[in-house]
Amino acid sequence: MVQRQQLNEGRHPTRLGDILVKRNVLSPKVIQEILEEQKIGRGDKRVLSIDLRGNDEVAVLEISGRLDESKQERVARVFERLMNRGFCKVLVDCRQLVYLDSHGVSAFVSYIDEARARGGDVKFFGLNPDAQFTLDRLGLIAYLQTFVTEEEAVHAFGLPIDEYMSRGSLGEYVSIDVQKTFHLSYCPTLESIHDEDKVYFESKRHARDAGKAACRKCRP
Ligand SMILES: [Zn+2]
């Protein structure tokens, strides 16, 4: 990470905007516009603030305060702009996010498919238990990638999306307790296995974390 390196060296970190302007990804005017949009809402105690940082590949949006109906549009606009300007890897820093509801969620959810279609993603880290619960209640936990730390999340951008996501529905990756391999649920080797003996995994990553290796037949 360019910025982190510079911080470690005690220099002022290059702003994401500067990097993008230098690489001709964005014009200075567009950066200014994005930053202007973020200013809205400042001065309020429970403010939502959006900070753009990150390196040249992953844009990090820091959201603090409450993300609810009143802030939803503002956040959606920033996402819109990022997408329009060619960002497809967006990391949302939720460490300072104190409240999230379904309106708030709708600010970013529509951009996730778009980001993924372009080979990127919108990922999250540092969610508090309440926000996590909101995502869970909306059935989004299996769909979104959330992480504890920024490092984990940034690392995940380098991996194929299905390392983390089940293809389609939950539980498509299946294993059996005694087996060292995991399968796609339609693998022929699972035919003779009773349902109650099957163990389902949310994603390939979960299966690997549980010590299972991919089946060579069905190649999950
Ligand atoms: Zn298999």
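About the criteria used
Residues numbered from 1 in each chain as written. Predicted model: local features only at pLDDT ≥ 70, side-chain atom pairs only at ≥ 80, totals over all residues. Heavy atoms only, no water. Helix = DSSP H or I, 4+ residues; strand = E, 2+ residues; numbered from the N terminus. Buried < 20%, exposed > 50% of the residue type's maximum accessible area, 1.4 Å probe, protein only. Contact = heavy atoms within 4.5 Å. Donors = N, O, S within 2.8 Å, 3.2 Å for Na, K, Ca; no water. Tetrahedral: all angles 85-135°; square planar, octahedral: opposite > 155°, others 65-115°. Pairing = 2+ DSSP bridges. Salt bridge = Lys/Arg side-chain N within 4 Å of Asp/Glu carboxyl O. pLDDT = per-residue confidence, 0-100. Phe/Tyr/Trp six-rings, centres within 6.5 Å; stacked < 30°, edge-to-face > 60°. Lys NZ or Arg CZ within 6 Å of the ring centre and 35° of its normal.

Here the focus is the overall build of the chain. From N to C terminus, the chain includes 8 helices and 10 strands. Counting the 220 residues in the chain, one finds 45% classified as buried. Restricting to contacts in the chain with at least 6 residues of sequence separation, those with at least 24 account for 64%.

For the rest of this paragraph, the subject is the coordination of the zinc ion. The zinc ion binds to the protein through His183 (ND1), Cys187 (SG), Cys215 (SG) and Cys218 (SG); the donor distances cover 2.1 to 2.3 Å. Every donor counted, the 4 donor atoms about the zinc ion form angles of 96 to 126° at the centre, which fits tetrahedral coordination.

Moving on, we get to the pairing of strand 7 (residues 173-176). Side chains Tyr173 and Ser175 of strand 7 all project onto a buried face; the interleaved residues Val174 and Ile176 project onto the opposite face, where all are buried too. Taken together, the 3 bridges between strand 7 and strand 8 (residues 181-184) define a ladder with antiparallel strand orientation. Each residue of the ladder has a partner; that of Ser175, found in strand 8, is Phe182. Counted between consecutive antiparallel strands, the loop separating strand 7 from strand 8 contains 4 residues.

This part takes up the pattern of salt bridges. Within the structure shown, the criterion is met by 6 salt bridges. Here Asp93 ties to Arg95 by a salt bridge, and the two come within 2.8 Å at their closest N and O atoms. Here Asp93 falls in the buried class, since its relative accessible area comes to 1%. When the shortest N-O distance is used, the salt bridge between Lys123 and Asp121 registers 2.9 Å. Take Lys123 and Asp121: they sit in the same class, and that class is buried. Each of Arg116, Asp121 and Lys123 takes part in a single network of salt bridges with overlapping partners.

Looking at the chain, pLDDT values average 76 and 70% of them are 70 or higher. Predicted confidence is poor over residues 40-46, with pLDDT under 50, and the contacts of this stretch with residues over four places away or in other chains come to 10 contacts. Counting contacts from residues 167-171, a segment whose pLDDT is below 50, to residues more than four positions away or on other chains yields 12 contacts.

This paragraph deals with the packing of aromatic side chains. With the rule as written, the count across this model stands at 4 aromatic pairs. Here Phe79 and Phe108 contribute two aromatic rings whose centre-to-centre distance is 6.3 Å and whose plane-to-plane angle is 50°, an arrangement assigned as tilted. Remark: Phe108 occurs in helix 5 (residues 102-117) and Phe79 occurs in helix 4 (residues 69-84); sequence separation between them is 29 residues. Summarising the burial analysis for this pair, Phe79 and Phe108 share the class buried. Between Tyr173 and Phe182, the aromatic rings sit 6.1 Å apart at their centres with planes inclined by 80°, giving edge-to-face as the arrangement. When its relative accessible area of 0% is taken as the criterion, Tyr173 is described as buried. A residue is classified by how much of its surface remains accessible, and Phe182, at 0% relative accessible area, is buried. For the cation-ring pair, Arg66 lies above Tyr99, with the distance from its terminal atom to the ring centre recorded as 4.2 Å.

The subject of this paragraph is the sheet that holds strand 10 (residues 213-214). The strand order 9-7-8-10 describes an open sheet built from 4 strands, whose pairing is mixed. One side of each edge strand has no neighbouring strand; the edge strands of this open sheet are strand 9 (198-201) and strand 10. Sheet topology note: the strand 8/strand 10 ladder contains 2 bridges and is parallel. What sits directly across from Phe182, in strand 10, is Ala214.

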